[in-house]
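Chains, contacts and geometry: an overview
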Amino acid sequence: MLTTDEIKKVVETYAAAHSAADIDALMELFSADAVVADPVDQPEMRGAEAVRDFFATTHANVDSLELLVTGPVRAVDRYAAVPLRAVTTAGGGRFAVDIIDVFTFGNDGLITDMRAYWTGSDIESLD
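Residues numbered from 1 in each chain as written. Predicted model: local features only at pLDDT ≥ 70, side-chain atom pairs only at ≥ 80, totals over all residues. Heavy atoms only, no water.

**Quick look at the environment of Ala16**
Inclusion rule: Helix and strand definitions here come from DSSP, where helices need a minimum of 4 consecutive H or I residues and strands a minimum of 2 consecutive E residues; each element is numbered from the N-terminal end. Exposure is judged per residue with a 1.4 Å probe applied to protein chains only, and the accessible area is read against the type maximum: over 50% gives exposed, under 20% gives buried, and values in between give partly exposed.
Positionally, Ala16 belongs in helix 1 (residues 4-19). A relative accessible area of 46% means that Ala16 is categorised as partly exposed. Taking the C-alpha atoms as reference, Ala16 lies 7.1 Å from Leu67; in sequence the two are 51 residues apart.

**As for the pairing of strand 1 (residues 30-37)**
Short version of the rule: For two strands to be treated as a pair, DSSP must find no fewer than two bridges joining them.
Summarising burial for strand 1: six of the eight residues are buried, a large majority. Sheet topology note: the strand 1/strand 7 (residues 111-117) ladder contains four bridges and is parallel. Within strand 7, the position partnered with Val35 by the bridge is Asp113. Judged from the two bridges that link them, strand 1 and strand 2 (residues 45-46) form a sheet pairing that is antiparallel. By the bridge assignment, Val35 is partnered in strand 2 with Arg46.

**Side note on the layout of surface pockets**
Space left empty within the atom packing is revealed by a probe, the size of a water molecule, rolled over the atoms. The criterion, for reference: Grid points spaced at 1 Å over the protein atoms alone were grouped into cavities, where a 1.4 Å probe fits but cannot get out, and pockets, open sets with protein on both sides within 12 Å along at least five of seven lines, with lining residues defined by an atom within 4 Å of a point. Grid points are joined across faces, edges and corners, and a volume is the space filled by probe spheres set on the points. Any residue outside Ala, Val, Leu, Ile, Met, Phe, Trp, Tyr, Cys, Pro, Asp, Glu, Lys and Arg is labelled polar, Gly included; the first ten of those are nonpolar and the last four are charged.
What the largest pocket holds in volume is close to 400 Å³. In this structure, the largest pocket is lined by 21 residues; those nearest its centre are Thr58, Leu65, Ala86, Val97 and Trp118. At the level of elements, helix 1, helix 3 (48-60), strand 3 (64-69), strand 5 (79-90) and strand 6 (93-105) are the ones that each hand at least two residues to the lining of the largest pocket. When residues of the lining of the largest pocket are assigned to their parent elements, the largest contribution, five residues, is made by strand 6. Here the residues of the lining of the largest pocket sort into 16 nonpolar, three polar and two charged.

**With respect to the nonpolar core**
Filter applied, for reference: Only buried Ala, Val, Leu, Ile, Met, Phe, Trp, Tyr and Cys residues count toward a nonpolar core, and they belong to the same one when joined by side-chain atoms within 4.5 Å.
Membership of the largest hydrophobic core comes to 35 residues, with the highest contact counts inside it found for Tyr14, Phe30, Phe55 and Phe103. Broken down by element, this core gets its largest block of residues, six residues, from helix 1.

**Some remarks on the environment of Thr57**
Where we set the bar: By the criterion applied in these results, polar contacts are pairs of N or O atoms within 3.5 Å in which, for protein atoms, one can donate a hydrogen and the other can accept it, and in which residues neighboring in sequence qualify only through two side-chain atoms.
Its place among the elements puts Thr57 in helix 3. Separated by 23 residues in sequence, Thr57 and Ala34 have C-alpha atoms that sit 17 Å apart. At 2.8 Å, the side chain of Thr57 and the backbone oxygen of Asp53 are in polar contact.

**Some points on unusual backbone geometry**
A cis amide bond links Asp38 with the next residue in sequence, Pro39, at an omega value of 0°. Looking at where Pro39 falls in the secondary structure, it is placed in the loop between strand 1 and strand 2. Even without a glycine there, the phi angle at Ala21 is positive, about 55°. Counting through the fold element by element, Ala21 comes out in the loop between helix 1 and helix 2 (23-27).

**Observations concerning the pairing of strand 5**
Note that strand 3 and strand 5 share six bridges and pair antiparallel. By the bridge assignment for strand 5, Leu65 is matched with Thr88. Relative to strand 5, strand 4 (residues 74-76) runs antiparallel, the two being bridged by three bridges. Residue pairing for strand 5: Arg74 is matched across the bridge by Ala81. Where strand 4 folds back on strand 5, the antiparallel hairpin that results is connected by two residues, among which Asp77 adopts a positive phi of roughly 55°. As paired elements, strand 5 and strand 6 share twelve bridges and run antiparallel to each other. In the sheet register, Leu84 faces strand 6, and the bridge partner there is Ile99. Linkage of strand 5 to strand 6, two consecutive antiparallel strands, is achieved through a turn of two residues, within which Gly91 is found at a positive phi near 55°.

Written out as C-alpha cells, the structure reads:
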C-alpha cells in the first residue's frame, strides 16, 4: 500500500504529465484494467487501451492543457481526492474548469480507478 506522501507524488506526476501532454507518462500511472470516468457522469473508459485513447483524444482536441493541483491532496488508505484546475487553449480561446478527481490505487501503487467531478457548466472563459 502507498503512503500518503507516495500518493501525493503520483498525483503531482499525473498533473505534470497532463501539462506536458505526455500520454506515455500518464499511462505508466494506471493499471492495465484501470477505469476512468471523466467527467463522472459520462461513460467509463475501461482498460489501458480505452484510457490511453481518452487521454490522447483529450490532448488532440486542444492546443494546450495545463493541469494544476490547487489545494491539499487528501489521501486515506488507497484513496485520494484532489482539487485541480485545468486551463486549456483551444480554438483561439482560453478556458478553465475546477475539478475534483478521486483516485483509487491498487496494492502495486498504480491507479485502478479515477473519477473526475465536473460538468460543462463549470467551464469558464478566461478571455
